[in-house]
Every structure is written in structure tokens, then in C-alpha cells.
Amino acid sequence: MQNKGLIRFFAIIFAIASIYQLTYTFITNKVESDADTYANSIVSEDAENAASLRSAAQKQYLDSVASKEVWGGFTNYSDAKGQELKKGLDLKGGINVILQVSVRDLLVGMADNSTDPAFNRALDAADERTKNGQDDYFNYFIEEFNSIEGAQLASPDIFANQEMQTRGIEFDMANDQVEPILREELKDYMTSAFDVLRKRIDKFGTTQPNLQQLGQSGRILIELPGETDVKRIKDILTKAAQLEFWHVFKSQDIASYLTAANTYWATKLVAENEAATEEAVSDDIAAQTEVSKDSTEAGLGDLLNQEDATDASGDLMETANFDSNPIFGRIQPVQGSGGLMSFKESDKDLIDSYLNDPQARGQLSAEQRNVKFAWSLPTLDQTLGYSVVELYALKGNAQNDAPLSGGVITDASQQYGNSGLPVVSMSMNGEGAKIWEDMTTEAYQNQSQVSVVLDNTVYSAPSVTNGPISGGQTQISGNFSIDEAKDLATVLRAGKLPAKAEIIQSDVIGPSLGQEAIDSGLWSFGIALLLVLVWMVFYYGRAGVYADIALLVNILFIFGALASLKAVLTLPGIAGIVLTIGISVDANVLIFERIREELAKGKSQADSIRDGFNNALSSILDANVTTFLTAVILYIFGTGPIQGFATTLMIGILTSLFTAIFITRLFVDGYVSNGKTIGFATVITKNWFRNVNIDFLKKRKVAYIISAILISGSLTSLAINKLNLGIDFTGGRTAIVSFSRDVSATEITKQLSADDIFGSAEAKTYGSDSQLKISTKYGIERDDSEVSQEIEDKLYQVLKPYLPADMTQEQFADVSDENKQYGLRSSFQVGATIADDILTGSLYAILGSLIVVFLYILIRFRKWQFSLGAVAAVFHDVIIVLGAFSLLYKFLPFNMEIDQAFIAAILTVIGYSLNDTVVVFDRIREFINERTNWDFPRTVNAAISSTISRTLNTSLTTLIVLLAIFLFGGESIKGFMLALIIGVVVGTYSSVFIATPVMFDTMNKSKGKLTPKELKEEKED
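Residues numbered from 1 in each chain as written. Predicted model: local features only at pLDDT ≥ 70, side-chain atom pairs only at ≥ 80, totals over all residues. Heavy atoms only, no water.

**Q** It is not clear to me how the overall build of the chain should be interpreted in this structure. Could you clarify?
**A** Along its length, the chain carries 35 helices and 23 strands. Looking at the chain as a whole, 53% of its 1021 residues qualify as buried. When contacts within the chain are restricted to residue pairs at least 6 apart in sequence, those whose partners lie at least 24 apart make up 74%. Accessible surface for the chain amounts to roughly 45,500 Å². Of this, 54% is attributable to carbon and sulfur atoms. (Helix = DSSP H or I, 4+ residues; strand = E, 2+ residues; numbered from the N terminus. Buried < 20%, exposed > 50% of the residue type's maximum accessible area, 1.4 Å probe, protein only. Contact = heavy atoms within 4.5 Å. Areas by Shrake-Rupley, 256 points an atom, 1.4 Å probe, with all protein chains shown as cover.)

**Q** How do you make sense of the packing of aromatic side chains when you look at a structure like this?
**A** One pair of aromatic rings is described through two measures. These are the centre distance and the angle between the planes. With the rule as written, the count across this model stands at 32 aromatic pairs. The interplanar angle of 40° and the centroid separation of 5.5 Å between the aromatic rings of W535 and F538 together place this pair among those described as tilted. Of the two residues, W535 and F538 are both situated in helix α20 (residues 511-540); the distance of 3 residues between them amounts to about one turn of the helix. Residue class for W535 comes out buried when judged on its relative accessible area of 17%. Note on F866 and F921: the rings are 5.0 Å apart at their centroids and 80° apart in plane angle, and the pair reads as edge-to-face. Highlighted residues: F866 in helix α31 (residues 864-888) and F921 in helix α32 (residues 900-930), separated in sequence by 55 residues. An identical accessibility class is assigned to F866 and F921; each is buried. One Lys or Arg, K395, reaches over the ring of F249 and ends 5.5 Å from the middle of that ring. Its guanidinium or amino end placed over the ring of F613, R665 lies 4.7 Å from that ring's centre, counting from NZ or CZ. (Phe/Tyr/Trp six-rings, centres within 6.5 Å; stacked < 30°, edge-to-face > 60°. Lys NZ or Arg CZ within 6 Å of the ring centre and 35° of its normal.)

**Q** Got a minute to help me understand the environment of I220 in this structure?
**A** With respect to the helices and strands, the residue I220 is situated in strand β6 (residues 219-225). We classify I220 as buried; its relative accessible area is 1%. Linking I220 and A193, residues 27 residues apart in sequence, is a C-alpha distance of 8.9 Å.

**Q** What is the right way to read the environment of F557 from this model?
**A** By secondary structure assignment, the location of F557 is in helix α21 (residues 542-564). You can call F557 buried: its relative accessible area is 6%. Once residues lying within four places of it in the same chain are set aside, the contact partners of F557 are A11, F14, A15, S18, T655, F658 and T659.

**Q** Explain helix α7 (residues 137-146) here, please?
**A** In an α-helix, one full turn covers 3.6 residues, which means residues spaced three or four apart are oriented alike. Where burial is concerned, most of α7 is hidden: 7 out of the 10 residues are buried. Every buried residue belonging to α7 is among Y137, F138, N139, Y140, F141, I142 and F145, and all of these are buried.

**Q** I tried to follow unusual backbone geometry on my own but got confused; where do I start?
**A** The bulk of non-glycine residues show a negative phi, and the bulk of peptide bonds are trans. One non-glycine residue, Q447, lies in positive phi territory at about 55°. Position of Q447 among the secondary structure elements: in the loop between α18 (430-446) and β15 (449-454). Unlike most non-glycine residues, K722 shows phi in positive territory, near 60°. Along the chain, the position of K722 falls in the loop between α25 (700-720) and α26 (727-730).

**Q** Mind showing me how you'd approach the pairing of strand β4 (residues 94-101) here?
**A** Every regular strand shows the same layout, with side chains that alternate between the two sheet faces. Counted residue by residue, β4 has 8 buried out of 8 residues, so it is predominantly covered. Of the two faces of β4, both are covered, the one formed by G94, N96, I98 and Q100 as well as the one formed by I95, V97, L99 and V101. In the sheet, β4 pairs with β6 via 7 bridges, with the strands oriented antiparallel. The residue bridging Q100 from the neighbouring strand is R219, located in β6. (Pairing = 2+ DSSP bridges.)

**Q** I'm lost on the packing of helix α1 (residues 4-42) against α21 in this one. Help?
**A** The angle between the axes and the distance between the axes are what describe a pair of packed helices. Interaxial distance between α1 and α21 falls to 8 Å at its minimum, and their mutual angle equals 55°. With respect to α21, the element α1 is oriented oblique. The hand of the α1/α21 crossing is left-handed. Each of A11, F14, A15, S18, I19, Q21 and L22 in α1 lies in contact with α21, whose residues at this interface are L556, F557, F559, G560, A563 and S564. Its residues placed into classes, the contact of α1 with α21 shows 9 nonpolar, 4 polar and no charged. (Axes fitted to C-alpha atoms, helices over the stretch in contact; angles between N-to-C directions. Parallel < 35°, antiparallel > 145°, perpendicular 65-115°, else oblique. Left-handed = near helix turned anticlockwise from the far one by under 90°. Nonpolar A, V, L, I, M, F, W, Y, C, P; charged D, E, K, R; others polar.)

**Q** Honestly, the nonpolar core in this entry has me stumped. Any pointers?
**A** Proteins that are soluble and globular tend to have nonpolar side chains buried together. Counting 127 residues, the largest nonpolar core has M536, I581, F592, I857, I910 and I924 as the members making the most contacts within it. Take this core: its biggest share by element is 17 residues, from α32. When residues no more than four places from it in sequence are discounted, the contact partners of I924 are F866, T939, V940, A943, T996 and M999. One finds Y140, F159, M190 and A193 within the second-largest nonpolar core, a separate group that totals 45 residues. (Core = buried A, V, L, I, M, F, W, Y, C linked by side-chain atoms within 4.5 Å.)

**Q** Is there a simple way to think about the confidence of the model for the chain in this case?
**A** One rule of thumb: low pLDDT means the predicted coordinates there are not for detailed reading. Residue-level pLDDT values for the chain average 78, and 80% of them are 70 or greater. Counting interchain partners and residues more than four positions distant, the pLDDT-below-50 stretch residues 291-320 has 36 contacts. (pLDDT = per-residue confidence, 0-100.)

**Q** Any chance you could explain the side chain of R733 here in plain terms?
**A** Looking at where R733 falls in the secondary structure, it is placed in strand β20 (residues 732-738). Of note is the side chain of R733, whose polar atom sits 3.3 Å from the backbone oxygen of Y778. (Polar contact = N/O pair within 3.5 Å; in protein donor to acceptor, adjacent residues only side chain to side chain.)

**Q** I keep staring at the pattern of salt bridges and nothing clicks. Help me out?
**A** Should their charged atoms come close, side chains of opposite charge can pair. Summed over the entire model, instances satisfying the criterion amount to 20 salt bridges. R183 is the partner of E179 in a salt bridge, and the nearest nitrogen-oxygen pair spans 3.0 Å. On the criterion of helical spacing, the pair formed by E179 and R183 is a turn pair, its members being 4 residues apart in helix α9 (residues 175-204). Given a relative accessible area of 23%, E179 falls into the partly exposed group. (Salt bridge = Lys/Arg side-chain N within 4 Å of Asp/Glu carboxyl O.)

Spelled out as C-alpha cells, the structure:
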């Protein structure tokens, strides 16, 4: 091997870089372990709210040491945290959401809220098609609009408005000319939404966020490992943040309308009350009229603030008949902070309906015509025992637009006001500062108020008593907590979303479940690694020791690369690393088997080693390239855990190639350089698989019959039993619940499937008999928080007898408690729309990988028959794996749902099957070129026989890895591992008995009985 010094240099550099990068992870783990110890030492186990107190103590400790240097000034905790190996949601806990930005809202905005019938009809039709379709909303809209005869996108009533004309849309442009302009505008809006969300998350301060636009569908994937305050995160992500500044009517300027509305409704309601007598009606209206006269003359403020006004009305607050005094009778005796009057929060919607009724608003004067009523935040009144809200009357215009909007805000921050309470201070740009100064000047001159309105709620409405406010500075004050004020400042500073955003998929994983996952993952990793190391030494002796060293270096490189690339390590990622162990071993097995072949030919040890490495290189590259291409397709079309698996697989393939080809070679050459002899087998294994000479082709018809039976059985099972599609594909909700004792999954399923609960549900044992995974499609047609709350309520209702007697519903539903033993551990929701997208992406991934691999084999082997044989074997393997899952999912005790992880397994099976097949094909190609006098059947049989040792050795090593993960790994990946185990067994069989016979038969049929020499000459021509 040339340039040994350079290779040794790079190996040492890579090893040092990997150790250096992983040092940050060791540091953060040590500091966080110290924080846990500190928190446990100051918080008693039986203390009230012990979990939250420990969490606060841990945070306090970490904050105190964040900037302190550790390890002799090497770094500090804060910097180390940013450089550590990132852990995914399943290992660290956190939340995962997919936001849907409303494309309909964006189109309506671009059309300037058009009322055109064709436009709105197309929007409604697109809404319906999106519920069950797989295409983007905009494509559906265009299809529906174009189906309406005579409908024009470039109509002045739709997109040929003043704003869109500046974007290039001209009157009477053809629809196919307008479409690309609209599509580009939507793309810009989506980019804007993505940027707003990125700013919000970054300013929120979460660690290691991952945001990803899902095509042009308006969907954005957001992953936040380590976060547990789900409500707070969802509020930040979906908050509209529509900030506006309005002038406010003084009470005497709007009192006449309030009186008229009160009179109007009193007359109407009393007339409708059949139980009321004419005398009662007369008395009530008279009493109301007297109160109305007082309110008009004295002003509403006097009515609310003076006890004699209340007394004069005959203790109106307590005795008023609501029918005869529907608005004023509901006024609450609470001192307000600037509103017209206060009401119970529960009366807000009713009062809104009274004041905004078209008939009542017909009595507004010209000055009052554009009034907009708004409410304050609710405040709990300790004396009354319920929450009250204040009513404000805002001065609007004909378009109902605010004089000043939040778009002028350049900065916002949480501070403390004069009262010591949290406020949000804001700065405006030059344009905003000028308008704000004009507004406050007018308010100062009229001795009136200006209001700060966020999302249609009045946060503050100060009176301007000290002169106009210049410079664009102002504050929002309210009943804020510090976190609420910080979050509001974050949203305002980042800007508002261009359209409504809804969470259509949410994944909440408690950190306790994540710890279980990582513990089981590490155990399976350690066991699998130990078994492989022992096997290699047992089979190859000293050479196996060198292969083991290369394997350990490979693992170091993988983790170092993950840390340096800031890739996120997930549980499927750990599975990918363990699977990489098998792939790494395979390269060394190929090399060692070729060296043994060369030694058997009588070559010297030095020549055998040289030729063994050189001859194995082609098979190693072809086998690993096909697997790498599969991983690339997996990464492109997968999301979340699948991408984690693909990332580690790609990194592992690259590092295993380096370590197997170069690191192992360095050790082997170093040992034999002084004339020492190295054995590539042990006393026990030296004669294993020697002189194998089996007529495999003769058995191909039997193999065809066996495969036909397996495939027919699989297809029959798929037709009858179908597959147990997970909620990734059907949409639905699932929850993992732990109990204080063992429970019966069958009994729980029966109770949850009752008509008054979910109607249909499934409970399966998950890990142990005291833990269940519960899935249901209840409420899947709705994606709102009310459904999630209903499901939590129903789960608690049914499962309460199996939970600790003192567990409340709040404790049951809380997934943020890392020390929680019982109750809801995690929950997952996926809407039907996203399920269609996942299905489409998965199918693209499978088909894409097959096409890419077919083309690669065609290029490498120059014969389509080789590609056909490989793809036939892949289809054979995939159908049998699907059939096995269809047949077994009703009987096996663990989860065998067809979900995203299963798609990862299928793609891995494809990669493994191709890996095995390509090695056999590579040897056939080699024998065709070397043994030109042999006939084709002899060549094929000899090639398969010569690789049987490698095939069985690699398969056995891989199976050891997979069985270790299956037996000792987490419950959540047992189905994933079973698919891989079945795939490895079937893939090993198919590479010999399907791929090669199909290639042989099609080659003979298309070329006749050509000899290898003739085939070689044709290839050269």
C-alpha cells in the first residue's frame, strides 16, 4: 500500500478531531450530572411539587456555572453545550410540530378580500379536496378556478388589483400567465413565514432547534428537543401578533348609542317574553329609561363610580331584570382602568352580539358609525369570585383599519414598569414614530385615550396627560408574568406571520420516555458490539483483532462526525450505527476471504495480502455505493427519525470504507513487515467453506416454486388481513400510558372502544404489562386543541381505576415531569392531510431508490439482465417482508404498525439485498473475464460457491447485531428490527436463488448459449 505515512497521519488527525469534538459532550454530561446531584440534595423527595422544585434548582445551578471555566480553562458549560453531540426528541424529550400556514388566507389577502363568486367557489372546492387529497392547496385552487367557465384570475375584482399590478399582473392576462406570478408570490410568503418562525424560535432561546420547509405546501416542520412547556411553544408558533394602535371614544361620546342599544334590546326581549305582564313591561322600561337618562346626562363613568347613581336606580346591579335591562343590568361594580364598563367574562359574547347587531347599529350617529368594540384581558376579581373584562369603544374608519399597525415596530423587550410589574417596551421606525406622535397629540388635545390592541384584545389604553409622545417609544402593560412578557416581546420583535398558522401535527415526548429509549439503545449497542468483536476474533484470529480495532476506530469517527456536523442523534440513528457495524465488518470479511483465496492458490503471504485487498476493492465499492444511494434517497424523502437513520448510515458507510480499506491494512502490513506470519483463520475455522462446489442453478426451479409460494401467501395475506397501517398513514392520535400495576390490553381496548368513548381504539402492551400504547382515530377530522383535550378527558375517565388513587387529571396529562412514573408519558397526533404526504413521500423513496440502483448496476455491469435480477430480488424481498407483517401483526405482542420507521426498514432491506447481490454479481463478472473457457452455468455456480463463505459470514454477523437490538433494544423499535431480521434472511436467500437465476435465465434467453468468451468479446466490441 502506497503513502502509508499520509494515511497514518490522516487517521491520527481524524481520531484527535473526533475525541476533541466529543470532549464537549463529556463536559456537559458531567456538569448536568452535578446539577442533578445538587437539586436532589436540596429538594426532599416527599416535598410538595418536588419535580418542579428540582427542575428550578437544576436551572439555577446551570445558570450559575454557565460562564465558569472547566477543565483548566478548556471551555465553559455554555460553550460546551453548543458543541455537544445533539440528541433528538426520542432521546432527550421535547416537542415536534408541523405548522400549516393557510394558503387560502394568503390568496384572499392577495385578492384584497375579493367577494367574487368564482374566486370563493374555487377556494371552497380546494378546501374540500385538500381534506383527502395529496396535492398542494394552490394546485387544487387553480384546477377548480380554471374549471369555471369564463373565470379570470386577472379580473379587477380578484388579482388585477392595485397591489398585485405592482407584482406584474395586468388586466385580462390569461390564467396560465397569472398562475406563475401567484406561485412565486406564495413562495415569497412562505419564506417570510419561515423566517418569522425562525426568529421567534431563535429569540425564544431553545437549544438545537430544527426548522424545515416541507416543499411548497405551506407546511413547516419544527423540532425542539428538550422543550417541555408545550402550550408556551404552541402559543409562540401560532400567535398572529396583530398589533394595532387605536383612538378610543370617550364615555360621553358613545353613551347615547349604548343607551339606544340597551333600549332596543330591552324592547325586543320583553316583547318576546310571554310571561311578562303589560304592567311589568311598563315599569321595567320606565326604570330603564330613568337609568338611561342618568347615564346620558352624567356620563357612564359617573354611573359606574358613584354609589348614589347605583342607589338611585334601586340597587340596579342586584335587582335588574336582564330582559328589561339587557346591557346595563349586567354591568359589574368594579373599578376599571379606563374602559367604558366592566362585565363578567362569561357575558362578553352576549354583549358583543347586542352591540354589533345590524339593527342596533342602525342607531349609531354619523360620528359613531365606525366604532369597533373590543375587550380587555380578563381579570379575576377576588371579591366577586369570578373574572371580569372591560369594554372599549375604538374609533375606526370606513375600512375598519387601525391608524397604526405593528409593522412599524423595530424592537421590543421585556422590562419593568413604574409599578414594578413586567411590561413590553417598543421602538418604532420613522414612519411609525410620526403617526404615533400625531395620535398622541390628538389624544392630548382631546383629553382622550389611545389603546394598544394585540390580536383584538386591548392590553392598555392610557390617557395622554403629559403631552404628545415623540421618538416612537411606547409600552404595553397588562397582567403579564415575566415569561408572558418575554414571549410577547419575542413575537413582536420577530414580526407577524403572513397568514393564520395551525398545528396539524404535534408530537410530545416526555423526557422520562426518552431516557428509557437511550438506556435500552445503549445496552443493545454494547451487546451487539461485543458479540461482533468476539465473533471476528473467533473466525479470523489475529486478523480479526485488527478488524476489531478498525471497527472501534470507525465508531469513534461516526460519533465524532455526528458531533462536528451538529447532526441530531436519534434512536433510529443508534440503530443505524449498530447496522453500520455489520456493514463495516462486511468489508473486512470480503478482504479476508479474498486473501484466503489467494493463499489457497499458493501465493506468498505478501502477494496474497496485496492481491486480496486489491481484488476485494471492486466488490466493496459496489456494495457500499448501492447502500449509500439507498440512504441518500431515504434522507431526501424521509423526515425526523428516518433522516436520523439515513444520516448515521451515510456517515457510517464512508467511515467504514476508510477504516476497513486503510486502517486494517496498516495493522496487517505492520505486523508482517518483519517477516511474521499472520493467519486469516483459526484452528477451528481454517477449513470452513473450503472447496465448496454446489450446482446452485440446478436448484433454481425449486427456489422459484418456494418463492412463488411465499409471494402468493404474502399477497393473499395482504389482500385479506391487509397491513396494520399506523397513524402516520391513516391519521389519528396515539398515547403511551404507564400504570401502577399490570393491566389487560384486551380489557382496555374494549372499554375505550365503547360508543360513548372513542368508538374505535386499540391498546397494546408497550414494553411491559404495566404500560400501554393506545391509538385511536377519534376526532381525526378535526385538528383543534379541543379534540386533544377530549381525548385526555376520556382517557383519564376510563383509565382512572388503574392509576394511583390520588392522581389528578392534571398530573395524569403532564408529560414534563422527568421523574413521573405513572400516567400519560407521551402523545402523538397526525392529521389525515399530512398522512397522505407521508405515504406519497414513502412511495417516492422506495421507487426512487430502485430506479437509482437499477441505473447504477446497469452502468457498472453493462447488462440490463444484471439490473433486472437485482431489482427482481428486491421486489421479492419487500413483498415477503410486507406479507410477514400482514400475517403476524395480529399475533405478536409488540407494535407492528406500518409507519415511518417501517419504511426505513424496507429501504434498509433493499440496501442489504442489493449489497449481497452486487457482491455475487461482481464475482460472476470477474470469473467471466478470467475463465474464458468455462461455460456460463459453470461460471455462475463457481462464482456463487466462492462467495458463500462471505455471504454466510456477513449475514450471520448482521443477524447477531439485529437480534441483539431486537432482544435488548427499546420496545419502540422491535417491529423495525423484526423487519430487518426477516429482510436479511430473505435477502441472503434471494441474492443466491432469485437475483442470480433471473439474471442467468434472461441472459440465456436473450443471447442464446453464448460462452463467457463470446460474452466478453461482445462486451469489448
